[in-house]
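# Residue-level structure breakdown
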Amino acid sequence: MIEYDDKAARATERSYLSPEIVRQRLRTLAVLALRAGEHVLDVGCGPGLLAHDMALQVGTSGRVAGIDKSEAMLKLARQRCAHLSQVELSQGEAENLCADDQSFHALACTQVLLYIPDVRQALSEMRRVLKPGGRIAVVETDWRSAVLNSNEEALTRKITQGWDDAVPSPNLPVQLGPLLREHDFTAIRVEAIPVLDTSYSPDGFSAGMAKAIATSAQERGLVSEAQARTWLDDLERLGRDGAYFFCVNRFLFLAVRA
Ligand SMILES: C[S@@+](CC[C@H](N)C(=O)[O-])C[C@H]1O[C@@H](n2cnc3c(N)ncnc32)[C@H](O)[C@@H]1O
């Protein structure tokens, strides 16, 4: 299971400031269509990038509650949102939300559910805290849709398979529509958001993910430290040669609580 300490939280923050993920956040904000004065919950708020932007939309008459289980992530979110009095951040778990029934107009949960072993419990909590007619936006990556150029095919297979086994739901988007319906969400819409990198940047989304995936495979004993290094060096070299290619699909779901 991925644990976010200070180093991992800062690395995620860096890669989530990349243009591809900024684009995903803007799309999430667009479909949620927040109004001034609304109360919004960000489940697994991470470094607070979306909570910050949502707070600007609901204004000081509104409220944004962000919860996350990682103190390191919350530290970054607190720094980012310190000047926004409408933001409240607290430690908590998606499976057991510390919030009253029907207390939010809208809810966002981006890149969190794949890490949660009991997705049904988390969705049932999200339904509980939303008002009838409340909107939910969920973003998830389908890691089985990842394609990349590599001269190290065998290592790529081992490392990506290792990631598949390391998170509880690497392929969640394909099941999310039925799961939302099962939890009384209606008017479900979904759109694909490809995250495409054709140039290598050490702070870019794909380079950050490649490092996380290789480290996870190494920690699980699937590859040695030298093999993980070889795989990462090859990606960097492809970048220098103008042959870098990485793409994975994220999916944005919008639904309404019945
Ligand atoms: C990849 S980050 C995404 C952060 C943020 N939602 C975003 O998109 O910018 C995943 C976040 O989910 C949090 N998380 C994972 N499992 C959680 C759980 N059961 N309850 C609350 N937060 C959780 C992690 O601590 C981390 O901050």
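What comes next is a walk through the structure.

Parameters at a glance
Residues numbered from 1 in each chain as written. Predicted model: local features only at pLDDT ≥ 70, side-chain atom pairs only at ≥ 80, totals over all residues. Heavy atoms only, no water. Buried < 20%, exposed > 50% of the residue type's maximum accessible area, 1.4 Å probe, protein only. Helix = DSSP H or I, 4+ residues; strand = E, 2+ residues; numbered from the N terminus. Pairing = 2+ DSSP bridges. Right-handed = clockwise from strand over helix to strand, strands pointing away. Salt bridge = Lys/Arg side-chain N within 4 Å of Asp/Glu carboxyl O.

## Details of the pairing of strand β1 (residues 39-43)
Taken across its five residues, β1 has four buried, putting it largely inside the fold. Alignment of β1 against strand β2 (residues 63-68), held across five bridges, turns out to be parallel. Looking at the pairing, V40 lines up with V64 of β2. Once you follow β1 into helix α3 (residues 49-58) and on to β2, the crossover reads as right-handed. Across three bridges, the pairing between β1 and strand β4 (residues 104-110) is parallel. Bridge pairing in β4 links L41 to L107.

## Quick notes on the pattern of salt bridges
Any two side chains of opposite charge can pair, so long as their charged atoms come close to each other. One pass over the full model with this rule turns up 16 salt bridges. Across the pair D203 and R14 runs a salt bridge whose closest N-O atoms are separated by 3.4 Å. With D203 in the loop between β6 (185-197) and α8 (205-219) and R14 in helix α1 (residues 6-15), the pair connects residues that are 189 residues apart, well separated along the chain. D203 gets classed as partly exposed once you look at its relative accessible area, which sits at 45%. Note that R128 is salt-bridged to D101, the shortest N-O span being 2.7 Å. You can see R128 sitting in helix α5 (residues 119-129) and its partner D101 sitting in the loop between β3 (87-91) and β4, a full 27 residues away along the chain. One network of salt bridges, with partners in common, ties together R35, E38 and R135.

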